[in-house]
Amino acid sequence: MKNKSLTAVVATSLVLGMAVVPAHAQTAPFPTDVKPFQTVEKAKELPSEDEQDAYSFIIDWDEATSPATDEEKQAIADAIFADFNTTVEFDRISIAGNWILKLDKPVPAADVPELTKQLNAREEITEAYIDAYQFPAAAPNDPEFDKQWPFHNEHDANVVEAWDLGFTGEGEYIGIVDSGITKHPDLDDKVAGGFDMIRNDVNSGDNQPGRDDDPSDPGDYGCQGNSADDSSWHGTHVAGIAAALTNNNEGVAGTAKDASIVPVRTMGKCGGTASDIADGIAWAVGEKVGDLPINPHPAKVVNMSISGKRTECSAEYQNAIAIARKHNAIIVAAAGNYDEDTAGYQPANCDGVVVVGATGPEGHRASYSNYGEEITIGAPGGNTDAYEEGLTGSYVIPKPENSFYSTINLGTKDPGRAGYGYQEGTSMASPLVAGVVTMMKQANPSLTVEQVSEILQNTAQPYTKEPYVGGHYRPYKTASKMGPGIIDAFEAVCSAADLAGKAPEQCGEPDVVETTEPTSPAEPTSAEPTEAPV
């Protein structure tokens, strides 16, 4: 049993359109009895913002200094887009209060910078940018639990110990903003409603026009006719890590084992637009989004296993996060799998987010995990790049069993049988943390994102030293760019409960650590829908 000295906290305190990938990685062949996932190499090949053709645009009109009528706004847009051989149609008002315009014909990526420049030169426009596609970054009796090293390894997350505290997520809802969900015996009884937020029918691929209340994942293969792609079932794997049925004599265990799941489908065959993802966040936490019904199961924790290249957080994402804060909900986001600094990736570089880097069973940063000042905490996400010392020096060998074992679908293209499989990535680390934060919120519902972040950091387990292996590892990344350490679910839940004055006896006597007062959340901009211009 690991040391369980409680640290109590006393209060004195895929968007600018861009390619966002599911924050998962895989660099090694997988066992033949499990379904493999997308590779980190493939993720790196996905187009960044400046490489994408524009199919829709976001315009933030300057209503304060240069107000224009809807007819004047449409005329301005018509004139500029006509120079780029396309017409535009008003689609809707985004959750940030901006115009979403659909293009009749896409503007080639090479012309997007000039189009953006011309739009932003107008005094009536505060900012205009491409709405580009985002892409998916007591021991239980579950028979596959022994394959889930993040729950029972020397450098695990102390989740099993935390269950004994009595805060297991019961009565809580976790929003999974992802690719949807498939039927699965370890998930079906956990699903509470959900919604499909994808507006583009081709990208959705579910034969149901527009948005609807069915978050089922029909498969995300075949982007732009590429029939070689297999479906990822990304949302199903993520949901299982967060809250799969546990102690049911079947399959695997989930982190917040008694929590419910609210799947919000925002990513389809070609990922998802930033505006759809932002709407999905807002809907998940109980905000009114356009004319959609309000979520009857508002989530107090929302997982975003999404990461995409962008040097600053976009207004769409930041506004959705502000809405979540207004509802006292916590956003947990993957750091990304590019082995690069998080400063260049969103939502990791957004304010008010718990950002999660990935670790392997060795206890240091996984070779693919992004790193940087934005990282809040590290958590097990899998690491098949195993470090070994040999007679001729250090090297890396593949160990598939070092990945995260969870729920998947066994269909290659379309949904097939329910199953289980290994996947790795910050996409897997993030829902584990989301599960722990859910248990913390059950223990102390009033926790703010600042308090959650501080508790996670004050109770973290120390990392081991990252080795030096060219092309894989650099010691400074774990030492100074991954936050204070690996999440400790037991200590974090104890501290959350103690802050509410109800720490269980198992937590022991607290060591008092002062924190700063939480700041007031920023007020989101208006997201009320307006009539389309005529």
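A. Structural context of the overall build of the protein. Secondary structure summary: the protein contains 12 helices and 22 strands in total. Here the protein, with 534 residues, has 62% of them falling under the buried criterion. Roughly 19200 Å² of accessible area belongs to the protein as shown, and the carbon and sulfur atoms make up 49% of that amount.

B. Just the state of the cysteines, in detail. This structure, assessed with the given rule, holds 3 disulfides. Here C223 is linked by a disulfide to C270, with a sulfur-sulfur distance of 2.1 Å. Note on the C223 and C270 pair: the S-S dihedral is about 110°, so by sign convention the disulfide is right-handed. Of the two residues, C223 is situated in the loop between helix 5 (201-204) and helix 6 (234-243) and C270 in the loop between strand 10 (260-265) and strand 11 (272-273); the sequence distance between them amounts to 47 residues.

C. Fine view of the nonpolar core. L432, V433, M440 and L456 are the most contacted members of the largest nonpolar core, which has 62 residues in total. A total of 10 residues in this core trace back to one element, the largest contributor, which is helix 9 (residues 426-443). Other than its neighbours up to four places away in sequence, V433 contacts V332, V354, V356, I377, A379, L456 and I487.

D. Main features of the pattern of salt bridges. Under the criterion given, the structure shown has 21 salt bridges. With a shortest N-O distance of 3.0 Å, R122 and E124 are connected by a salt bridge. With a relative accessible area of 34%, R122 lands in the partly exposed category. Given a relative accessible area of 13%, E124 falls into the buried group. Among the charged side chains, a salt-bridge network with shared partners connects D91, R92, R199, R211, D276 and D279.

E. Representation of the environment of A128 in the model. With respect to the element layout, A128 can be found in strand 6 (residues 125-130). Overall, A128 belongs to the buried group, its relative accessible area being 2%. In sequence terms A128 and W99 are 29 residues apart; their C-alpha atoms lie 9.4 Å from each other. Among all residues touching A128, those that are not within four sequence positions of it are F57, I58, I59, T116, L119 and N120.

F. The confidence of the model for the protein, seen in detail. This prediction gives the protein a mean pLDDT of 86; 85% of its residues lie at or above 70. Low pLDDT (under 50) marks residues 512-523, which in the prediction has 32 contacts with non-local residues, meaning those over four places away or in another chain.

G. How the structure looks around the pairing of strand 20 (residues 404-409). The element strand 20 is extensively covered by neighbouring structure, given that 6 of its 6 residues are classed as buried. Pairing between strand 20 and strand 21 (residues 418-423): 6 bridges, direction antiparallel. Bridge pairing in strand 21 links Y405 to Y422.

H. Focus on the sheet that holds strand 10. The strand order across the open sheet formed by 7 strands is 9-10-8-12-14-16-17, and the pairing between neighbours is parallel. Looking at the sheet topology across the chains shown, the edges are occupied by strand 9 (195-196) and strand 17 (377-380). Where strand 8 (residues 173-178) and strand 10 come together, 6 bridges link them in parallel fashion. Residue pairing across strands places G175 opposite V262, the latter belonging to strand 10.

I. Here's a closer look at the sheet that holds strand 4 (residues 88-93). Spatially, 4-5-3-6 is the arrangement adopted by the 4 strands of the open sheet, whose pairing is antiparallel. Both outer strands of the open sheet, strand 4 and strand 6, are each paired with one neighbouring strand and no more. Strand-to-strand, the axes of this sheet are offset by a mean angle of 25°, without reference to chain direction. Where strand 3 (residues 54-61) lies against strand 5 (residues 99-107), 5 bridges are found, and the strand directions are antiparallel. When the bridges of strand 5 are listed, S56 appears paired with K102. Across the sheet, helix 2 (residues 70-82) is in contact with strand 3, strand 4 and strand 5; its angle to strand 5 comes to roughly 25°.

J. The packing of helix 9 against helix 10 (residues 449-458), seen in detail. Contact geometry of helix 9 with helix 10 gives a least axis separation of 11 Å together with a crossing angle of 110°. Here helix 9 lies roughly perpendicular to helix 10, going by the angle between them. Considering how the two elements wind past one another, helix 9 and helix 10 form a crossing that is right-handed. Two secondary-structure elements touch here, helix 9 through V433, V437 and M440 and helix 10 through V452, I455 and L456.

K. Molecular detail of the side chain of D186. Tracing the sequence through the fold places D186 in the loop between strand 8 and strand 9. There is no salt bridge for the buried D186, and the closest opposite charge comes from K190, which lies 8.3 Å off by N-O distance. A distance of 2.9 Å separates the side chain of D186 from the backbone nitrogen of V252, its partner in a polar contact. Setting aside its immediate chain neighbours within four residues, D186 contacts A244, L245, N248, E250, G251, V252, T407 and Y420.

L. Structural view of the environment of F195. By the element assignment, F195 lies in strand 9. Measuring from C-alpha to C-alpha, the distance between F195 and P293 comes to 9.8 Å, with 98 residues separating the pair along the chain. Those residues within four positions of F195 in sequence are excluded, and the remaining contacts are R211, D212, D213, P215, P263, V264, R265, W283, L292 and P293.

M. Structural detail: the packing of helix 9 against helix 12 (residues 489-499). Packing of helix 9 against helix 12 leaves a shortest axis separation of 8 Å and a crossing angle of 25°. Classed by the angle they form, the pair helix 9 and helix 12 counts as roughly parallel. Regarding helix 9 and helix 12, the two cross each other, and that crossing is right-handed. Only A489, A492, V493, A496 and A497 of helix 12 make contact with helix 9, whose side of the interface consists of V436, M439, M440 and A443.

N. Expanded view of the packing of aromatic side chains. Taken as a whole, this structure holds 11 aromatic pairs when the rule is applied. Taking 6.4 Å as the distance between ring centres and 20° as the angle between the ring planes, the aromatic pair formed by Y405 and Y420 counts as stacked. Residue Y405 is found in strand 20, and its partner Y420 is found in strand 21; the two are separated by 15 residues along the sequence. Note on accessibility: Y405 and Y420 belong to one class, buried. By the ring-pair criterion, three or more aromatic residues cluster together here, those being F145, F151, W163 and F404. Sitting over the ring of Y221, K269 keeps its end group 4.0 Å from the ring centre.

Conventions adopted
- Residues numbered from 1 in each chain as written.
- Predicted model: local features only at pLDDT ≥ 70, side-chain atom pairs only at ≥ 80, totals over all residues.
- Heavy atoms only, no water.
- Helix = DSSP H or I, 4+ residues; strand = E, 2+ residues; numbered from the N terminus.
- Buried < 20%, exposed > 50% of the residue type's maximum accessible area, 1.4 Å probe, protein only.
- Areas by Shrake-Rupley, 256 points an atom, 1.4 Å probe, with all protein chains shown as cover.
- Disulfide = S-S within 2.5 Å.
- Core = buried A, V, L, I, M, F, W, Y, C linked by side-chain atoms within 4.5 Å.
- Contact = heavy atoms within 4.5 Å.
- Salt bridge = Lys/Arg side-chain N within 4 Å of Asp/Glu carboxyl O.
- pLDDT = per-residue confidence, 0-100.
- Pairing = 2+ DSSP bridges.
- Axes fitted to C-alpha atoms, helices over the stretch in contact; angles between N-to-C directions.
- Parallel < 35°, antiparallel > 145°, perpendicular 65-115°, else oblique.
- Left-handed = near helix turned anticlockwise from the far one by under 90°.
- Lys, Arg positive; Asp, Glu negative; His and termini not counted.
- Polar contact = N/O pair within 3.5 Å; in protein donor to acceptor, adjacent residues only side chain to side chain.
- Phe/Tyr/Trp six-rings, centres within 6.5 Å; stacked < 30°, edge-to-face > 60°.
- Lys NZ or Arg CZ within 6 Å of the ring centre and 35° of its normal.

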